[in-house]
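Remarks on the overall topology
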Amino acid sequence: MTAPAYHIAVLGATGAVGRRILAELEKSSLPIGTVHALASARSAGQRLPFQGGYLTVEAASPASFDGIDLVLASAGGSLSKRLAPAAVAAGAVVVDNSSFWRMDDRVPLVVPEVNPAALTAHQGIIANPNCSTIQMVVALAPILEQFGLEQVIVSTYQAASGAGKAAMDEVLAEMQAQLMGEDMHDYAAVLPVKGAAKHYPLAFNLLPQIDVFEAEGYTHEEYKMIHESKKILLGDPDATAVKVTGTAVRVPVMIGHGESVYVDTGNPAVTVAAIRELLATAPGVVVQDDPDQQLYPQPIEAAGERETFVGRIRPDLENPGAFHLWIVADNLVKGAAWNTVQIAEELAARDLVRVPAGSPWRA
Ligand code: NAP
Ligand code: 3JN
């Protein structure tokens, strides 16, 4: 019997994430039948390079999923809310990059290095976590498993590309304006949050706001990191076994999120050498940590890579068993496109590219 070749739709194919999904599909081991590039009606007819040829972009609608096995979606939450059930009803399995389905207990939230077994219970929709969550849990999961974990405090340094193509264009325009002696404030129209009352330049600046503000002065991005990491690591978004908190900051970097992470194992016997040794062989992790050689992870070096890079591994000076890590990954690759395609590969390897009979979204 020949292995199946999957008919794949990339929803949001013209976007910052969608274009990377196409690039990851080109490198993927997935047996590909056809690939359909879907976006808004504005982009219909546009051509996107793929496998030495071109895909012609089609306007996405519920009818786009007829004959499709697998949908890789990155067109935002409102579209995923509407189109993911339609795709599953048409018989396709959806791997969704938006936050819309992540907290739904019928939907596995998966990082293949960490909780691939969660895929076995999928009902047609699988959620890809937020980029900042993904790179953090890739490094934390082995620590939790080997030594235990009591508390995590993260500060993020998030690249402009996390906010989409328009945000990247905006920062470049601001930089150019500032260098030409113009007022860069005139170019701030998207960041920190599209549609917000105020916009500020990111060029030559830091913005301690990613997404909208919610309860207790935390942003939505900060809550995503808290609840998503608990769902992935502990199986429950509200688990209390590990305390997680953080601050999410946008920085004028184009690609690659950085994270400074305080990790308390609660076990004073754990040494920094043991943490370094563990992470050196952890799946998806590359340790770059040699202060004598000034070796540490940097966004410009992580850009384009699938791995999560960890360095500056050091003990907390006052709390034995607690450590500080500096974690960097390409937010569009491991944080979105590669994790999505990696989930698709894992589904294929487990023969799970099928909608189970009891799915709530099955027609
Ligand atoms: P982007 O560059 O702005 O691209 C948005 C994509 O969605 C484009 O392809 C756009 O098509 C398409 N789209 C917008 N409205 C549509 C509509 N009505 N019908 C069909 N397609 C539509 O944004 P991005 O950075 O790629 O992010 C896209 C989404 O991916 C985000 O909203 C988010 O949900 C998710 N994301 C996840 C992560 C993560 O952390 N895992 C990171 C970034 C983004 P047009 O070009 O035709 O407008
Ligand atoms: O800002 C970043 O660095 C990551 C952004 C992710 C994002 C952007 C727009 C909408 C998301 C996400 O994946 O959480 C969403 C969303 O809520 O779907």
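Quick word on the nonpolar core
Generally speaking, nonpolar side chains in soluble globular proteins are found buried as a group. Core analysis: the largest hydrophobic core is formed by 88 residues, its most contacted members being L25, V71 and L347. At nine residues, the largest contribution of residues to this core is made by helix α3 (residues 131–147). Ignoring sequence-local partners within four residues, the contact set of L347 consists of L70, V93, V95, L119, H122, I126, L352 and V353. Counting residues in each nonpolar core, the second largest holds ten residues, with A160, A167, V190 and L191 among its members.

Notes on the packing of aromatic side chains
The way to describe two aromatic rings as a pair is by their centre distance and the angle between their planes. In the structure shown here, the tally under the stated rule is four aromatic pairs. Consider the rings of Y157 and W326, whose centres lie 5.2 Å apart with planes at 85°: the pair is edge-to-face. Taken together, the positions of Y157 in strand β9 (residues 151–158) and W326 in strand β14 (residues 322–329) put the pair 169 residues apart, joining distant regions of the chain. By relative accessible area, Y157 is classed as partly exposed at 38%.

Topic: the sheet that holds strand β8 (residues 125–127)
Spatial strand order, β5-β2-β1-β6-β7-β8: six strands in an open sheet with parallel pairing. Looking at the sheet topology across the chains shown, the edges are occupied by β5 (58–59) and β8. One ladder, built from four bridges, connects strand β6 (residues 70–73) with strand β7 (residues 93–96); its direction is parallel. Bridge assignment links V71 to a residue of β7, and that residue is V94. Packing against the sheet, helix α1 (residues 16–27) makes contact with β1 (6–11), β2 (32–39) and β6, and its axis sits at approximately 155° to β1. Most of the contacts of helix α8 (residues 333–349) go to β6, to which it runs at about 160°, and overall it touches β1, β6, β7 and β8.

Considerations on the packing of α3 against helix α5 (residues 220–234)
Look at α3 against α5: their axes get within 10 Å of each other, and the N-to-C directions meet at 40°. Between α3 and α5, the interaxial angle falls into the category oblique. Along this stretch, α3 crosses α5, giving a crossing that reads as right-handed. Contacts between α3 and α5 pair S132, T133, M136, V137, L140, A141 and L144 from the former with E221, K224, M225, E228, S229, I232, L233 and L234 from the latter. Grouping the constituent residues of the contact of α3 with α5 by class yields nine nonpolar, three polar and three charged.

The rules behind the values
- Residues numbered from 1 in each chain as written.
- Chains lettered and ligands numbered in written order.
- Predicted model: local features only at pLDDT ≥ 70, side-chain atom pairs only at ≥ 80, totals over all residues.
- Heavy atoms only, no water.
- Core = buried A, V, L, I, M, F, W, Y, C linked by side-chain atoms within 4.5 Å.
- Buried < 20%, exposed > 50% of the residue type's maximum accessible area, 1.4 Å probe, protein only.
- Helix = DSSP H or I, 4+ residues; strand = E, 2+ residues; numbered from the N terminus.
- Contact = heavy atoms within 4.5 Å.
- Phe/Tyr/Trp six-rings, centres within 6.5 Å; stacked < 30°, edge-to-face > 60°.
- Pairing = 2+ DSSP bridges.
- Axes fitted to C-alpha atoms, helices over the stretch in contact; angles between N-to-C directions.
- Parallel < 35°, antiparallel > 145°, perpendicular 65-115°, else oblique.
- Left-handed = near helix turned anticlockwise from the far one by under 90°.
- Nonpolar A, V, L, I, M, F, W, Y, C, P; charged D, E, K, R; others polar.

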